[in-house]
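Structural description and commentary
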Amino acid sequence: MSPQVPLRHSLFLRLLVTSVLIAVLAVAATAWLVTRTATQAITQQQGRSLADEKALYVALTGYAATHRDWSGAQSMLTLEARTLDRRITLTDSDGLLMGDSATGPAAATPRGPGPAAATIDPLHLGLSLTGGTDSIDDRAVGPYALTKAQSARLLKVAKDVEICAQSWGVGVQVETRPSGRPDVVATTGGDAEIGQQVVKRCQEKITMPVLPAEKKALDDLSTRVNRCLKLPREYGTSVGIDFQVAPFKYPDGTGSWTLDGAGRASTCLVTSRRAQLRDYVASPVQLYVTDPSTGRSRVTFSLTRANVEQIAGTAFAVLLVTTLVTALLGRRLIRPLRALTEGAARQERVPVSGKDEISYLSAALNQATERRDRAEAQRREMVGDVAHELRNPLTNIRSWLESAQDGFTRTDTQLVDLLHEEALILQHIVQDLADLAEADAGTLRMHPAPTNLRDVLLQVMDAHHSAAHTAGVKLDVQAPDNLPTVFADPVRIRQLVGNLVSNGIRYTPSGGTVTLKTWAETDFVAVTIEDTGIGIEPEDLPRIFDRFWRADPSRTRATGGSGLGLSIARQIAEAHSGTLTARSTPGVGTAVTLRLPLAVQSG
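Residue positions are counted from 1 within each chain, in the order its sequence is given. With pLDDT at 70 or above as the cut-off, local features in this predicted model cover only qualifying residues; side-chain atom pairs require 80 or more to be listed or tallied, and sums for whole chains, interfaces and linings still use all residues. The side-chain quantities take in all heavy atoms of the structure and omit both hydrogens and water.

Quick look at the overall build of the chain now. The way it works is that DSSP assigns letters per residue, a run of H or I at least four long becomes a helix, a run of E at least two long becomes a strand, and they are numbered from the N terminus. Helix and strand counts for the chain come out as 14 helices and 15 strands. With 603 residues in all, the chain has 34% of them scored as buried. Nonlocal contacts in the chain, meaning residues at least 24 apart in sequence, comprise 65% of its contacts between residues at least 6 apart. All accessible areas in this document rest on Shrake-Rupley with a 1.4 Å probe, and a residue is counted as covered only by the protein chains that are shown. Entry remark: accessible area of the chain is about 35,600 Å², with carbon and sulfur atoms responsible for 56%. Burial classes: relative accessible area under 20% of the type maximum marks a residue as buried, over 50% as exposed, and values in between as partly exposed (1.4 Å probe, protein chains only). Here, residues are in contact when the closest pair of their heavy atoms is within 4.5 Å.

Here it is as structure tokens:
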């Protein structure tokens, strides 16, 4: 049985806590969203923004532009508040009350429940509210105000200009400024630019005078502008009745004079006009538009006790359903995981059902179990093979030594030769095992160098000539003289080819042939060791490179070696980034081909 998982580490508990947490967040987010949406809806329906109350801003600004204080604004505040069904409060910058449309809860101030809706100052208009481009209200006329008689006098001159323009076929009309001064302007009908030129020409013929009161105010304004521009007296500018600064020259610091267009002059003009008009308009105030009963500037949504209880009950129901559903799903999820854990603990296959992640995990665990079983079987087989390979020479050595010890065998040269031969067999097996261990660990010693495989084949043929002659087998080498070189360890390549030649001689009957062939391919140099021996059965061919595998199950020394030669050969080939393949036909022979890449430095 698998160990019991502590509750605090349980996947089921973590899944349950996560689901409940998500549910809590979802309920909280939903409640906030509902409250926020309700507040916005109520605000849109019951509370008007200042953009919708533009008329109030325009009215209050107009009052401030035509009055020196707010003492007479109470009646207007009361009327506007009744029209808007809102409370209107005015304070100065320090929060001192300047006007209030009603009595009741304290009005919103800088220290109150909400920010001011706007600042009422005719000399600093909110362009986003007025939609204009002039920051000074044109209703703030100050010293430029004309009497009715003065306005009537100028109106007669304006009528003469109008008649002059109409005689040229231009439509014009007379407009009166808030100060009472009339202006003749071309109407939109026809070409407006041509109309303005005609009006200008008529005004040159019929001059509309600047009255003494206007001239006095303009002279004062010009003085303020020159003082702001810091112009020398002889280069002073002037401001016209249309509040435009006449062109002037301004020093650039090098003794020369450059013409200043609008830039600083326009800034000084606005600053000077504000200073000139400040005593003629009401002081700036903060405007608060609030709820008549609460004094708050924004309508909010307040939850009653019943609403709170209803939301709490709904949230509890959602959490309860979430917990129950999560518990059911969690148990269904944990059940196959527990079966998987128990199967892994018992090292057994587990059932696979479905196509979800747990099924894939179960299949992967079953595959790992199969690989482990195969590896364990191979390990046991290898241990048995090693023991068998070592037992034969050790048994022979022990038998000869015991026979000599008992006096049945003479300790002569023949005995020594027999013992030496068995010791060489042991040494060969141990060396093969060491080579395989190094190859598995990636530490097989290699000393690559430019190598001509034709020379290697000739050396191997010479080394095995005696064994082949004894077995009655002919060795033949087929290699071109212009074979490209490869970068390989010549000793290891001789070992590889030598193992293949030894196998070919061993399994080729007397009178047969073992051929060593090499040739160049596009990216490789190939070597084939081909014999005319007994061949290998098709079902055995895939296993010839397995360790300790031999076609003869009895594993007698007369039918083969240790069974490690081909395994070592493949390891050497792969260490050189090469391949080793085999093909065989029973009763015809076997061919093993080595391919080594050109210009690849391995090792």
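Our focus in this paragraph is the environment of Gly180. By secondary structure assignment, the location of Gly180 is in the loop between strand S4 (172-176) and strand S5 (182-186). Expressed as a C-alpha distance, the spacing of Gly180 and Leu154, which sit 26 residues apart in the sequence, is 9.1 Å. Contacts of Gly180, omitting those with residues within four sequence positions, involve Leu146 and Ser151.

Excluding glycine, residues mostly carry a negative phi; peptide bonds, for their part, are mostly trans. A positive phi angle, near 55 degrees, is found at Asp85, a position not held by glycine. The topology assignment puts Asp85 in the loop between helix H3 (74-84) and strand S1 (87-91). A positive phi is found at Ser577, a non-glycine position, where the angle reads about 60 degrees. In this fold, Ser577 is placed in the loop between helix H14 (565-575) and strand S14 (579-585). You can call Ser577 partly exposed: its relative accessible area is 45%.

Our next topic: H14. If you check which residues of H14 are buried, you get Leu566, Ser567, Ile568, Ala569, Ile572 and Ala573. Following H14 by one or two positions, Ser577 has its phi on the positive side, about 60 degrees.

In this section: the packing of aromatic side chains. Centres within 6.5 Å are what make two rings of Phe, Tyr or Trp a pair, Trp counting through its six-membered ring; a difference in plane orientation under 30 degrees is then read as stacked, over 60 as edge-to-face, and the rest as tilted. The final tally for this structure, using the stated rule, is two aromatic pairs. Seen in terms of ring centroids, Tyr144 and Phe243 are 5.1 Å apart; in terms of plane orientation they differ by 80 degrees. Their pairing is edge-to-face. Within this pair, whereas Tyr144 is found in the loop between helix H4 (127-130) and helix H5 (148-167), its partner Phe243 is found in the loop between helix H7 (212-229) and strand S6 (248-251), the two being separated by 99 residues in sequence. A residue is classified by how much of its surface remains accessible, and Tyr144, at 6% relative accessible area, is buried. By definition, being over a ring means that NZ of Lys or CZ of Arg is both within 6 Å of the ring centre and within 35 degrees of the ring normal. Stacked on the ring of Phe243, the Lys or Arg Arg273 has its end atom at 4.4 Å from the ring centre.

Attention now goes to the packing of helix H13 (residues 490-506) against H14. Axis angle and axis distance: for two packed helices, these are the angle between their axes and the distance between the axes, and together they describe the pair. In this analysis, axes come from line fits to C-alpha atoms, helices being fitted only over the stretch in contact, and the angle between any two N-to-C directions falls in the range 0 to 180 degrees. Direction vectors running N to C along H13 and H14 enclose 145 degrees, while the axes themselves pass 9 Å from each other. The handedness of the crossing between H13 and H14 is left-handed. Contact residues: Arg492, Gln495, Leu496, Asn499, Leu500 and Asn503 in H13; Gly565, Leu566, Ile568, Ala569, Ile572 and Ala573 in H14. Should the near helix be turned anticlockwise from the far one by less than a right angle, the crossing is termed left-handed; should it be turned clockwise, right-handed.

Before going further, it helps to examine a nonpolar patch on the surface. Residues Phe316, Leu320 and Leu324 make up a contiguous nonpolar surface patch of about 320 Å² in total accessible area. Relative to the elements of secondary structure, Leu324 occurs in helix H9 (residues 305-345). Every patch collects residues that have over 30% relative accessible area and no salt bridge, joining them within 9 Å if they carry like charges and within 5 Å if they are nonpolar side chains (Val, Leu, Ile, Met, Phe, Trp, Tyr). Any carboxyl oxygen of Asp or Glu that lies within 4 Å of a side-chain nitrogen of Lys or Arg is treated as forming a salt bridge with it.

Turning our eyes to something else, we now look at the state of the cysteines. Cysteine sulfur atoms are paired as a disulfide whenever they fall within 2.5 Å. Within the structure shown, the criterion is met by two disulfides. Bridging Cys164 to Cys202, the disulfide has an S-S length of 2.2 Å. What sets the handedness of the Cys164 and Cys202 disulfide is the S-S torsion sign, and at about -75 degrees it is left-handed. With Cys164 in helix H5 and Cys202 in helix H6 (residues 192-205), this pair connects stretches of sequence that are 38 residues apart. Per residue, the accessibility class of Cys164 equals that of Cys202, and both read buried. The disulfide partner of Cys228 is Cys268, and the S-S distance across this bridge is 2.1 Å. Torsion about the S-S bond of the Cys228 and Cys268 cystine: about -70 degrees, corresponding to left-handed handedness. Here the residue Cys228 occupies a position in helix H7, and Cys268 occupies one in helix H8 (residues 263-277), the gap between them amounting to 40 residues.

Another point: the pattern of salt bridges. Tallied over the entire structure, the rule returns 13 salt bridges. Linking Asp100 and Arg87 is a salt bridge whose minimum nitrogen-to-oxygen distance equals 2.6 Å. Residue Asp100 is found in strand S2 (residues 97-100), and its partner Arg87 is found in strand S1; the two are separated by 13 residues along the sequence. For Arg454, the salt bridge identified is with Asp481, shortest N-O distance 3.2 Å. Of this pair, Arg454 sits in helix H12 (residues 453-471) while Asp481 sits in the loop between strand S10 (474-478) and strand S11 (486-488), and the two are 27 residues apart along the sequence. Overall, the relative accessible area of 26% leaves Arg454 in the partly exposed class.

Another aspect to go through is the nonpolar core. Among the nonpolar cores identified, the biggest contains 36 residues, and Leu453, Leu496, Val497, Val501, Leu516, Ile529 and Leu580 are the most heavily contacted of them. Contributions of two or more residues to this core are made by H12, S11, H13, strand S12 (513-520), strand S13 (524-531), H14 and strand S15 (589-597). For this core, the leading source of residues is H13, giving six residues. In contact with Ile529, not counting residues within four places along its chain, are Val497, Leu500, Val501, Val514, Thr515, Leu516, Thr590, Ala591 and Val592. Grouped together as the second largest cluster of nonpolar side chains are 21 residues, Leu56, Tyr57, Met76 and Leu287 included. Side-chain atoms within 4.5 Å are what join buried Ala, Val, Leu, Ile, Met, Phe, Trp, Tyr and Cys residues into a set we call a nonpolar core.

Before going further, it helps to spend a moment on a positive patch on the surface. A surface patch of positive charge is lined by Arg331, Arg332, Arg335 and Arg338. Mapped onto the elements, Arg331 comes out in helix H9. Asp and Glu are treated as the negative residues and Lys and Arg as the positive ones, with His and the ends of the chain left uncounted. Lys charges are placed at NZ, Arg charges at CZ, Asp charges at CG and Glu charges at CD.

Moving on, we come to the confidence of the model for the chain. The predictor attaches a confidence to each residue, called pLDDT, with possible values from 0 through 100. Confidence in the prediction of the chain, expressed as mean pLDDT, is 79, and 77% of residues score 70 or more. When the criterion is pLDDT under 50, residues 106-113 qualifies, and its contacts beyond four places in sequence or with other chains add up to 19 contacts. When the criterion is pLDDT under 50, residues 253-257 qualifies, and its contacts beyond four places in sequence or with other chains add up to five contacts.

Let us look at the sheet that holds S2. Whether two strands pair comes down to DSSP finding at least two bridges between them. The strand order across the open sheet formed by four strands is S2-S1-S8-S3, and the pairing between neighbours is antiparallel. Of all strands in the sheet, those with a lone pairing partner are S2 and strand S3 (118-120), marking the two edges. When strand polarity is set aside, the average angle formed by the axes of neighbouring strands in this sheet is 30 degrees. Set on the sheet, helix H2 (residues 54-66) makes contact with S1, S3 and strand S8 (285-290); between it and S3 the angle comes to about 30 degrees. In the packing of H3 onto the sheet, the strands contacted are S1 and S2, and the crossing angle to S1 comes to about 145 degrees.

Before going further, it helps to spend a moment on the side chain of Arg274. Note that Arg274 resides in helix H8. Here Arg274 sits buried without a salt bridge, and the closest side chain of opposite charge, Asp121, lies 7.0 Å off (N-O distance). Identification of polar contacts relies on pairs of N or O atoms within 3.5 Å, with a donor-acceptor requirement for protein atoms, meaning one able to donate a hydrogen and the other able to accept it, and with residues adjacent in sequence counted only if both atoms are side-chain atoms. Among the polar contacts made by the side chain of Arg274, one reaches the side chain of Ser135 at a distance of 2.9 Å. Sequence-distant contacts of Arg274, that is, excluding residues within four places in its chain, are made with Leu123, His124, Ser135 and Ile136.

Attention now moves to the environment of Ala488. Tracing the chain through its elements places Ala488 in strand S11. The spacing of Ala488 and Pro450 is 38 residues in sequence and 6.4 Å in space, taken between C-alpha atoms. Those residues within four positions of Ala488 in sequence are excluded, and the remaining contacts are His447, Pro448, Ala449, Thr451, Ile493 and His576.

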